Amino acid sequence: MGERLVSVGQRLRLGSAFPVLSQLPPGLAYAAATRVGLWSGQDLVNARTAVRNGYLRVWPEMASDPPLLDSWGRRYTDMLARETMDVFRMHRLDAGTIRRLIDVDDVSALAQAQQEGRGVILVMAHFSRLIMLLAALGMMGFRIGMLTMRVDSSNEALAPAMRRFLQMKIDRLRQVIRGNWICLGDNLRPMYTGLARGEVWVVLADAYMADFGEWREFPFLGGTLRLSGGIERIAARTGARMVYGAVNERGSRLVGDVRALPADPSAGLAAAVGELERDVRATPWQWWQWNILDYIWSSGAKV
């Protein structure tokens, strides 16, 4: 019964409320999305409890400050609501309107990597409203391919409403970034071939699937973060450079940038994790992965 209720809540918000609210002027649309949110009732309690438990694993001392825990939990769910509104408004964006939402401070690392004539892996994480940086880069002329999880019926973990939303999200983003799209589990040849030709591909380093074939471990937030080693392997095989893309909410605006990483694939991935850690420590509520922390993080630093 609980799954049916979650599914109904998702269907109402993703199928009715957010599409209607997206017709409002931007300021009102995002304010309304924040107020309506992605969850309500027990679903909202469950979402914030999962995030709260993640915070407490990393910072157990926060147990003595319930108001701060509640504030971070609320800011987390509010941010995801605005990220959802980004999807519903994306088809309305152009080079002018997107500049009113996001400032992209520096993309020289990406441009310089491309000028070297090699492919570029744009390493990102599930942090803040990341698709807005990709959209901004697309409107600046960068063509970007992407590797994502499966969003078709083979991914049984997705409720139908969420599956339709994610398919729309990918379709609308592809219209802006204009690159190829493949899913985890697909033949990766198009990605290898594209990188060998000098293409840019975005990969989310902190994505999790239980059946990832190989893992790398990195010091992170006083413990150890476990990530797929696939990015490092792809970079080594294709000779692609890696850069790190980040976006942060600052008040009512977003700020994005692309940061240089070491040329060595192993050092590059380690440096990307360092960039993510810096951003998470600054604004913890913008990291999506608190609710799956048990799968990707363990206490005790890697030696």
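Residues numbered from 1 in each chain as written. Predicted model: local features only at pLDDT ≥ 70, side-chain atom pairs only at ≥ 80, totals over all residues. Heavy atoms only, no water.

- If you look the protein up in an unreviewed UniProt entry, it shows as Lysophospholipid acyltransferase family protein from Aromatoleum buckelii.
- For the record of the protein, the UniProt heading Subcellular location (unreviewed entry) holds the text "Cell inner membrane". (UniProt positions renumbered as here; feature names shortened; annotations may be inferred.)

Notes on the pairing of strand E3 (residues 144-148)
Then, in step 1: Taken across its 5 residues, E3 has 5 buried, putting it largely inside the fold.
Then, in step 2: Both faces of E3 are covered, namely the face carrying Ile144, Met146 and Thr148 and the face carrying Gly145 and Leu147.
Then, in step 3: Remark: the E3/helix H8 (residues 160-177)/strand E4 (residues 178-183) crossover connection has right-handed handedness.
Then, in step 4: Summarising the sheet, E3 and strand E5 (residues 200-204) pair through 3 bridges and their orientation is parallel. Across the sheet, residue Met146 finds its bridge partner in E5, namely Val202. (Buried < 20%, exposed > 50% of the residue type's maximum accessible area, 1.4 Å probe, protein only. Helix = DSSP H or I, 4+ residues; strand = E, 2+ residues; numbered from the N terminus. Right-handed = clockwise from strand over helix to strand, strands pointing away. Pairing = 2+ DSSP bridges.)

As for the nonpolar core
The tendency in soluble globular proteins is for nonpolar side chains to be buried as a group.
Then, in step 1: If you look at the biggest cluster of nonpolar residues, it comprises 98 residues, and the most contacted ones within it are Tyr55, Ile121, Leu122, Trp287 and Trp290.
Then, in step 2: Per element, the largest residue contribution to this core is 9 residues, and it comes from helix H4 (residues 66-89).
Then, in step 3: With residues near it in sequence (within four places) discarded, Tyr55 still touches Met62, Leu69, Trp72, Gly73, Tyr76, Pro284, Trp285 and Trp290. (Core = buried A, V, L, I, M, F, W, Y, C linked by side-chain atoms within 4.5 Å. Contact = heavy atoms within 4.5 Å.)

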